[in-house]
Amino acid sequence: MTAPATPPTATAAPQPPVTVRVFTQRFSSTPRGARLARHLALHQLHSWGVPHGTEVSETAAVLVAELAANAVTHGRVPGRDFELRLTLAPGTLTVDVSDTRGERRPPRPGATALPVDEAGDAETGRGLVLVAALADRWSVLDRVPVGKTVRAELDLPR
């Protein structure tokens, strides 16, 4: 009598490792802090292999600049910092800017419009319009224990 044939075992194809990179830093809620956030974000992206001057780097620079400026202008609580968090995962760059002023929330995605003053052209108020135009997705999240986070996501080229 012969032994029954053993079915072949399936071997999984080797999968490349998934690397998620995260950078988190707090900054003073001042215009200088907002500028520093933008500069450090570009430096961090460059160290992760997203070179200065590329479309992703330039878009991320505008997103960080606008979200940080909004945190400093509209989300400032004296004595409290704002936080920048960059997450680079396969296929996506996420920019989170958090502040401690939860009661002042920006309009929800889809509700942003260009501001207009009596002269027909306001000089401020275009930040979230730019974020909505440049980001593939953006949202406003509650921040625990206090505040809010504005998140912008970029789909990265393969």
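Shown above is the structure to which this text applies.
These numbers come from a predicted model, not from an experiment.

## Observations regarding helix 1 (residues 31-47)
With 17 residues, helix 1 extends 25 Å between its outermost C-alpha atoms, agreeing within 8% with the 24 Å of an ideal straight helix rising 1.5 Å per residue. What helix 1 keeps buried is the set Gly 33, Ala 34, Ala 37, Ala 41, Leu 42, Gln 44 and Leu 45. Contacts from the buried residues of helix 1 go to strand 1 (21-27), helix 2 (55-74), strand 2 (82-89) and strand 3 (92-99). Once helix 1 finishes, Gly 49 follows within two positions and takes phi at roughly 100°, a positive value.

## Quick notes on the nonpolar core
Leu 67, Phe 82, Leu 84, Leu 86, Leu 93, Val 95 and Trp 138 are the most contacted members of the largest nonpolar core, which has 32 residues in total. Elements represented by at least two residues in this core include exactly strand 1, helix 1, helix 2, strand 2, strand 3, helix 3 (127-134), strand 4 (137-142) and strand 5 (148-155). No other element matches helix 2, which puts 8 residues into this core. In contact with Val 95, other than residues within four places in its own chain, are Val 64, Leu 67, Leu 84, Arg 85, Leu 86, Val 150, Arg 151 and Ala 152.

## What to know about helix 3
The complete set of buried residues in helix 3 reads Gly 127, Leu 128 and Val 131. Take helix 3 and look down its axis: the buried residues cluster within an arc of 90°, on one side only. Structurally, helix 3 contributes buried residues whose contacts are with helix 2, strand 4 and strand 5.

## Thoughts on the environment of Ala 41
As for its position among the elements, Ala 41 is in helix 1. Every residue in contact with Ala 41, bar those within four places of it in the chain, is listed here: Val 64, Leu 84 and Leu 86.

Reading guide: rules and limits
- Residues numbered from 1 in each chain as written.
- Predicted model: local features only at pLDDT ≥ 70, side-chain atom pairs only at ≥ 80, totals over all residues.
- Heavy atoms only, no water.
- Helix = DSSP H or I, 4+ residues; strand = E, 2+ residues; numbered from the N terminus.
- Expected span 1.5 Å × (residues − 1).
- Buried < 20%, exposed > 50% of the residue type's maximum accessible area, 1.4 Å probe, protein only.
- Contact = heavy atoms within 4.5 Å.
- Core = buried A, V, L, I, M, F, W, Y, C linked by side-chain atoms within 4.5 Å.
- Arc of directions from axis to C-beta.

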